[in-house]
Amino acid sequence: MCHATDTSLANQPAFQLLRSHTFDLSTSLLEKSLVLHSLLRAIMKLRVSAHREAAIPMGELNGAEYIGINEVPSPRANNAKKVSLLPLIFLIFYEVSGGPFGVEDTVHAAGPLFALLGFLIFPLIWSVPEALITAEMGTMFPENGGYVVWVSSALGPYWGFQQGWMKWLSGVIDNALYPVMFLDYLKSAIPALGGGLPRILAVLALTLVLTYMNYRGLTIVGWVAVSLGILSILPFVVMGLISIPKLKPARWLVADVHNIDWNLYLNTLFWNLNYWDSISTLAGEVHNPKKTLPKALFYAVILVVLSYFFPLLIGTGAVPLERDSWTDGYFSDIAKILGGVWLRCWVQGAAAVSNMGMFVAEMSSDSFQLLGMAERGMLPEFFAKRSPHGTPLIGILFSASGVILLSWLSFQEIVAAENFLYCFGMILEFIAFVWLRIKYPNAPRPFKIPGGTIGAVLLCIPPAILIGVVLAFSSIKVMVVSLVAVAIGLVLQPCLKFIEKKRWLKFSISSHLPDITSHGPLLH
């Protein structure tokens with residue numbers, strides 16, 4: 001270290017000045033003092049630099065400095081802009097909802113009263129707890145790994161990988177749904193899109209166009225989400241104004257407890273009100289996440305609940321009930337009944353742009369999750385490579401391939417399969433949340449849910465019970481397929497470790513990220 005310091009010192013301007021300067025009797029005292037003062041400052045600066053270099057653990061980059069919990073950046077392209085509050089609200093909106101398209105099956109399954117109650121009560125049991133946990137954990141670990149990092153820090157990297165596998169797979173399955181819904185809304189106007197080769201080509205074309213939007217950058221995706229969100233909600237505002245003279249409140253109270261399809265009802269509610277934690281995989285791309293993320297989640301919860309409840313009020317109160325007609329795409333028929341063909345076309349267009357918004361938001365989350373896992377050394381290093389636009393190119397391609405492969409499934413099969421896998425992932429999240437509260441109660445938490453450890457446990461009980469109910473109502477087919485997918489993840493992680501050991505592929509942990517192990521400074 002001394003030799004390196006001497007060499008560095010020789011290159012300092014003050015030292016060069018000292019070597020080149022000749023001191024004699026004619027040299028003023030002031031000139032001598034200035035030269036010596038500059039030399040002393042250079043020596044002190046090098047001593048501090050040497051001390052910092054000695055404190056850096058093996059494997060870290062020279063010149064690296066510790067980054068606190070509230071300042072953790074994810075390695076990103078220098079020209080990539082971070083996401084601000086408004087785009088983040090609409091990204092969450094599209095991660096979770098995208099508007100009332102897809103809620104029709106709740107009326108079909110249980111009637112108007114239970115559908116309306118479901119979208120008032122279910123958010124309190126599920127959405128609010130999940131959003132609160134995401135706000136606390138997302139600001140505690142503001143990086144692109146999101147929930148993968150949460151589980152890894154609490155339960156170890158093996159279970160962190162399982163969390164990543166199940167959440168990524170459920171996200172890709174979820175994304176396969178949006179081209180299906182997009183075409184379901186358009187097939188009444190274009191019957192050729194109902195099946196066969198035209199439908200296949202339409203799915204491929206739509207997937208490619210929206211994948212390219214993700215490639216161009218998250219900032220573009222965020223503002224596109226804002227524009228699409230406004231376009232998705234606006235026709236239902238107009239529909240509500242038109243429906244006022246036709247509303248009959250007695251229709252909202254219709255219920256038949258002996259004729260409820262609980263499997264379809266619960267799965268549809270669950271699918272429409274989950275995925276609040278998905279935004280955590282973009283935390284490294286958010287401007288000032290410790291403040292922006294909790295605010296965005298708060299406003300998004302309100303926006304999502306209103307976007308479901310009021311269209312259901314309109315549809316069930318202004319039109320005579322025909323439960324069998326309440327299936328995917330029925331809101332466009334209600335629009336025609338209330339306002340005519342022009343309103344129907346508007347709703348169909350809104351459904352189309354809504355599905356586009358949900359697709360780009362979900363793919364952003366899935367692809368950045370893979371990037372975050374690669375930055376933590378869980379996946380090969382090439383998953384962490386970014387495009388010139390700052391986006392995870394390999395993650396986007398993997399996610400798009402999964403969407404194309406799964407887009408042949410039906411709406412109900414996709415919803416049930418993704419819900420089953422998502423439930424397993426949420427169980428791990430709840431365990432990680434409570435365990436970190438118990439084991440590291442004093443770890444820095446920029447946003448902390450009040451109530452202490454007991455409050456954390458109580459918060460997780462209602463959604464955990466709901467998870468058990470959703471899993472219990474799953475069909476045998478969905479259960480078998482989902483368990484096979486889980487088993488693949490259990491084997492995949494040891495296989496990747498073997499590949500890493502053999503050095504067939506390169507794995508590395510980003511030097512910009514803090515240590516999340518029990519020995520690291522982050523938790524202590």
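Residues numbered from 1 in each chain as written. Predicted model: local features only at pLDDT ≥ 70, side-chain atom pairs only at ≥ 80, totals over all residues. Heavy atoms only, no water.

### Regarding the packing of aromatic side chains
Any aromatic ring pair is given by two values, namely how distant the centres are and how the planes are angled relative to each other. Counted only if it meets this: Centres within 6.5 Å are what make two rings of Phe, Tyr or Trp a pair, Trp counting through its six-membered ring; a difference in plane orientation under 30 degrees is then read as stacked, over 60 as edge-to-face, and the rest as tilted. Secondary structure elements follow DSSP: runs of H or I no shorter than four residues count as helices, runs of E no shorter than two count as strands, and numbering proceeds from the N terminus. Relative accessibility decides the category of a residue: with a 1.4 Å probe and only protein chains considered, values under 20% of the type maximum give buried, values over 50% give exposed, and everything between is partly exposed. Each ring is checked for a lysine NZ or an arginine CZ that lies within 6 Å of its centre and within 35 degrees of its normal; such an atom marks a charge sitting over the ring.
One pass over the structure, following the stated rule, counts 25 aromatic pairs. When the ring of Trp 126 is compared with that of Phe 270, the centres are 4.8 Å apart and the planes differ by 55°; the resulting orientation is tilted. Residue Trp 126 is located in helix H6 (residues 112-140), and its partner Phe 270 is located in helix H11 (residues 262-272); the two are separated by 144 residues in the primary sequence. Residue class for Trp 126 comes out buried when judged on its relative accessible area of 0%. Pairwise contacts between aromatic rings join Phe 122, Trp 126, Phe 270, Tyr 275, Tyr 422 and Phe 430 into one cluster. Positioned above the aromatic ring of Tyr 147 is the side chain of Lys 167, whose terminal nitrogen or guanidinium carbon lies 4.2 Å from the ring centre.

### Details of empty space enclosed by the protein
Rule in force here: In this analysis the probe radius is 1.4 Å and the grid spacing 1 Å, with only protein atoms considered; a cavity is a set of points the probe fits into but cannot get out of, a pocket is an open set with protein on both sides within 12 Å along at least five of seven lines, and lining residues have an atom within 4 Å of a point. Grid points are joined across faces, edges and corners, and a volume is the space filled by probe spheres set on the points.
Applying the stated rule across the entire model yields 1 cavity of 30 Å³ or more. Roughly 40 Å³ of volume is contained in the largest cavity. Taken together, Glu 95, Val 96, Ser 97, Asp 174, Tyr 178, Trp 271, Asn 272, Tyr 275, Tyr 308 and Met 358 make up the lining of the largest cavity. Among the elements of the structure, helix H4 (85-96), helix H8 (157-186) and H11 are those that each provide at least two residues to the lining of the largest cavity.

### A short note on helix H9 (residues 196-215)
Every α-helix winds through 3.6 residues per turn, so residues three or four apart in the chain are directed the same way. Condition: To estimate the expected span of a helix, count its residues, drop one, and scale the result by 1.5 Å. This arc is taken over the directions from the axis of the helix to the C-beta atoms.
Taking 1.5 Å per residue, 20 residues should reach 28 Å; H9 reaches 29 Å between its end C-alpha atoms and fits that length. The set of residues buried in H9 consists of Arg 199, Val 203, Leu 206, Thr 207, Leu 210, Thr 211, Met 213 and Asn 214. Viewed along the axis of H9, the buried residues span an arc of 150°, placing them on a single side of the element. What points out from H9, more than 90 degrees from its buried face, is the exposed set Leu 197, Leu 208 and Val 209. Once H9 finishes, Gly 217 follows within two positions and takes phi at roughly 135°, a positive value.

### Overview of the pattern of salt bridges
We count it as follows: Each reported salt bridge corresponds to a side-chain nitrogen of Lys or Arg within 4 Å of a carboxyl oxygen of Asp or Glu.
Per the stated rule, a full pass over the model turns up 8 salt bridges. Asp 277 is the partner of Lys 167 in a salt bridge, and the nearest nitrogen-oxygen pair spans 2.1 Å. Of this pair, Lys 167 sits in helix H8 while Asp 277 is found in the loop between H11 and helix H12 (289-318), placing the two residues 110 residues apart along the sequence. With relative accessibility at 0%, the residue Asp 277 sits in the buried group. Residues Glu 429 and Lys 167 are paired through a salt bridge, measuring 2.5 Å at the closest nitrogen-oxygen approach. Taken together, the residues span a long stretch of sequence, with Glu 429 in helix H16 (residues 411-439) and Lys 167 in helix H8 at a distance of 262 residues.

### Some remarks on the confidence of the model for the protein
So the rule is basically this: Confidence of the prediction at every residue is given by pLDDT, a number between 0 and 100. Residue contacts are defined here by distance: any two heavy atoms, one from each residue, within 4.5 Å place the two residues in contact.
In the predicted model, the protein carries a mean pLDDT of 82, and 81% of its residues have values of at least 70. pLDDT under 50 marks residues 1-27. Its contacts with residues more than four places away, or in other chains, come to 29 contacts. Within the model, the stretch residues 45-79 combines pLDDT values under 50 with 48 contacts to residues more than four positions away or in other chains.

### A look at helix H18 (residues 476-502)
Helix length check: H18 (27 residues) gives 39 Å between terminal C-alpha atoms against 39 Å at 1.5 Å per residue, within 8%. Taken as a whole, H18 has its buried residues at Val 478, Ser 482, Ala 485, Val 486, Gly 489, Gln 493 and Leu 496. Just downstream of H18, Arg 503 is the residue with a positive phi angle, here 60°.

### Regarding the environment of Gly 98
Looking at the element boundaries, Gly 98 is found in the loop between H4 and helix H5 (104-110). For Gly 98, a relative accessible area of 0% corresponds to the buried category. For the pair formed by Gly 98 and Ser 354, sequence separation is 256 residues and the distance between their alpha carbons is 5.3 Å. If near-sequence neighbours (up to four positions away) are discounted, Gly 98 is found in contact with Phe 93, Ser 232, Ser 354 and Met 358.

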